[in-house]
Amino acid sequence: DKFNQGMVDTAKKNFGGGNTAWEEKTLSKYESSEIRLLEILEGLCESSDFECNQMLEAQEEHLEAWWLQLKSEYPDLFEWFCVKTLKVCCSPGTYGPDCLACQGGSQRPCSGNGHCSGDGSRQGDGSCRCHMGYQGPLCTDCMDGYFSSLRNETHSICTACDESCKTCSGLTNRDCGECEVGWVLDEGACVECDSSCVGCTGEGPGNCKECISGYAREHGQCADVDECSLAEKACVRKHENCYNTPGSYVCVCPDGFEETEDACVPPAEAEATEGESPTQLPSREDL
């Protein structure tokens, strides 16, 4: 990439107006000159990049041979230098020591729905790591929570179900094959159980199978238990206040009280004295 950028940066270097015919002749010579190559090579590596500089020093003759003799026959530097000559990379869509085609083929690895292990390198095993929503060896199948909105010989597209569906055949809560946990099938659609329910037969707190902790069945539906009004005190520290919350409660010391592990300690009563205390600092005016 740095080499290609160097070619772009030096493309018009000696072409700045004036005698056009002379400049075009000069530019033509410069375009494939060793001078231009050296200018490109100078910009390839940062001075602190030891690995880059070491590689450049070791492979400079290869780059020079490509530039002066092979560039017209092999215009793709990456393919000639990295893949064919150094054999440290593979072409996109291929992997491993022998640059074999990824699963699904090198043109559209993993059907375009995943990443090929080792893609573009001499490593990996060519297997597919599917994107979210896809599964299968070629990433053409849909995971639970997704349905196939397009499937033909070349493409497979999986689209997310409605949040109420564990499996589905379409976008709405009426297209569910199976409801997600916390939802139930009611009149052909998956509806959400009330937040007070552990399992339900329909919407609302009156259709709970069981009540969650902090709620109890009252008049046929799950209602919040007021722990602060129970006979057995919920908050046991001395002077502590109890505040009911939906499904639970909180214990809080009154304002000004110091909180300890065993009690809420009242603030020390100030001594009633008249006038300023002997230890009190003088006022700003006195200063």
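Where an unreviewed UniProt entry is consulted, the protein chain appears under the name protein disulfide-isomerase, with the organism given as Pan paniscus. Check the Catalytic activity (unreviewed entry) section of the UniProt entry for the protein chain; it says "Catalyzes the rearrangement of -S-S- bonds in proteins." Comment text from UniProt for the protein chain, heading Sequence similarities (unreviewed entry), reads "Belongs to the CRELD family."

Asks: How would you explain the overall build of the protein chain if you had to name every residue and give the values?
Replies: When helices and strands are counted, the protein chain shows five helices and 20 strands. When burial is assessed residue by residue, the protein chain has 28% of its 287 residues classed as buried.

Asks: Before we move on, could you go through the pairing of strand β8 (residues 156-160) and cite the residues and values that matter?
Replies: Looking at chain direction, strand β7 (residues 146-151) and β8 are connected through five bridges and run antiparallel. Bridging across to β8, Arg151 finds its partner in Ser156.

Asks: So what's going on with the environment of Pro266? Residues and values would help.
Replies: Mapped onto the elements of the fold, Pro266 is located in the segment after β20 (264-265). Along the primary structure Pro266 and His239 are separated by 27 residues, whereas in three dimensions their C-alpha atoms are 8.2 Å apart. Beyond its immediate sequence surroundings of up to four residues, Pro266 is in contact with His239 and Phe257.

Asks: So, helix α3 (residues 34-42): which residues are in play, and what are the values?
Replies: Listed as buried for α3 are Arg36, Leu37, Ile40 and Leu41. Axial view of α3: buried residues confined to an arc of 135°, hence all on one face. In α3, the exposed positions that point more than 90 degrees away from the buried face belong to Ile35 and Glu42.

Asks: Mind laying out the packing of helix α4 (residues 50-70) against helix α5 (residues 77-85), listing which residues take part and the relevant values?
Replies: Running from amino to carboxyl end, α4 crosses α5 at an angle of 130°, the nearest separation of the two axes being 12 Å. In terms of orientation, α4 lies oblique with respect to α5. Taken as a pair, α4 and α5 cross one another with a handedness that is right-handed. Here α4 contributes Met55, Gln59, His62, Leu63, Trp66 and Leu70 to the contact with α5, which in turn contributes Leu77, Trp80, Phe81 and Thr85. Here the contact of α4 with α5 is composed, by residue class, of seven nonpolar, three polar and no charged.

Asks: Provide a residue-level description of the state of the cysteines, including the pertinent values.
Replies: Evaluation of the coordinates by the stated rule reveals 15 disulfides. In this model, Cys165 is linked to Cys176 through a disulfide, with the two sulfur atoms separated by 1.9 Å. Judged by the sign of its S-S torsion, about -65°, the bond between Cys165 and Cys176 is left-handed. Note that Cys165 is positioned in strand β9 (residues 165-168) and Cys176 in strand β10 (residues 176-179), a separation of 11 residues in sequence. At a sulfur-sulfur separation of 2.0 Å, the disulfide partner of Cys193 is Cys200. Taking the sign of the S-S torsion, about -75° here, the bridge from Cys193 to Cys200 comes out left-handed. Per residue, the accessibility class of Cys193 equals that of Cys200, and both read buried. Counting only cysteine sulfurs, Cys89 is the nearest neighbor of Cys82, a cysteine outside any disulfide, at a range of 4.7 Å. Among the residues examined, Cys82 registers a relative accessible area of 17% and is labelled buried.

Asks: Can you explain the packing of aromatic side chains? Please cite residues and give values.
Replies: One pass over the structure, following the stated rule, counts four aromatic pairs. When the ring of Trp66 is compared with that of Trp67, the centres are 6.4 Å apart and the planes differ by 55°; the resulting orientation is tilted. You can call Trp67 buried: its relative accessible area is 3%. Put simply, the rings of Phe3, Trp66 and Trp67 touch in pairs and so form one group of aromatic residues. The ring of Trp67 is capped by Lys71, whose NZ or CZ atom sits 3.7 Å from the centre of that ring.

Asks: Could you give an account of the layout of surface pockets, naming the residues involved and the relevant values?
Replies: Gaps left between atoms are located by rolling a probe of water-molecule size over the structure's atoms. In this structure, the largest pocket encloses a volume near 500 Å³. Asp1, Phe3, Leu77, Phe81 and Cys82 are, among the 18 residues lining the largest pocket, the residues nearest its centre. When contributions to the lining of the largest pocket are tallied by element, the ones reaching two or more residues are α1 (2-10), α4 and α5. Grouping the constituent residues of the lining of the largest pocket by class yields 14 nonpolar, one polar and three charged.

Asks: I'd love a proper account of α1, names of residues and values included.
Replies: All of the buried residues along α1 are Phe3, Gly6 and Thr10. An end-on view of α1 places all buried positions within 55° of arc, on one side of the element.

Asks: Break down the nonpolar core for me, with residues and values.
Replies: The biggest cluster of nonpolar side chains holds 16 residues, and the ones touching the most others in it are Phe3, Leu41 and Leu77. Of all the elements in the fold, those that place two or more residues in this core are α3, α4 and α5. Of all the elements, α5 adds the most residues to this core, at five residues. If sequence neighbours within four positions are ignored, Leu77 has contacts with Phe3, Leu63, Trp66 and Cys82. Core analysis: the next-biggest nonpolar cluster, separate from the first, contains nine residues, Tyr95, Cys102, Cys142 and Cys158 among them.

About the cut-offs
- Residues numbered from 1 in each chain as written.
- Predicted model: local features only at pLDDT ≥ 70, side-chain atom pairs only at ≥ 80, totals over all residues.
- Heavy atoms only, no water.
- UniProt positions renumbered as here; feature names shortened; annotations may be inferred.
- Helix = DSSP H or I, 4+ residues; strand = E, 2+ residues; numbered from the N terminus.
- Buried < 20%, exposed > 50% of the residue type's maximum accessible area, 1.4 Å probe, protein only.
- Pairing = 2+ DSSP bridges.
- Contact = heavy atoms within 4.5 Å.
- Arc of directions from axis to C-beta.
- Axes fitted to C-alpha atoms, helices over the stretch in contact; angles between N-to-C directions.
- Parallel < 35°, antiparallel > 145°, perpendicular 65-115°, else oblique.
- Left-handed = near helix turned anticlockwise from the far one by under 90°.
- Nonpolar A, V, L, I, M, F, W, Y, C, P; charged D, E, K, R; others polar.
- Disulfide = S-S within 2.5 Å.
- Phe/Tyr/Trp six-rings, centres within 6.5 Å; stacked < 30°, edge-to-face > 60°.
- Lys NZ or Arg CZ within 6 Å of the ring centre and 35° of its normal.
- 1 Å grid on protein atoms, 1.4 Å probe; cavity = no way out; pocket = protein on both sides within 12 Å on 5 of 7 lines; lining within 4 Å.
- Points joined across faces, edges and corners; volume = space filled by probe spheres on them.
- Core = buried A, V, L, I, M, F, W, Y, C linked by side-chain atoms within 4.5 Å.

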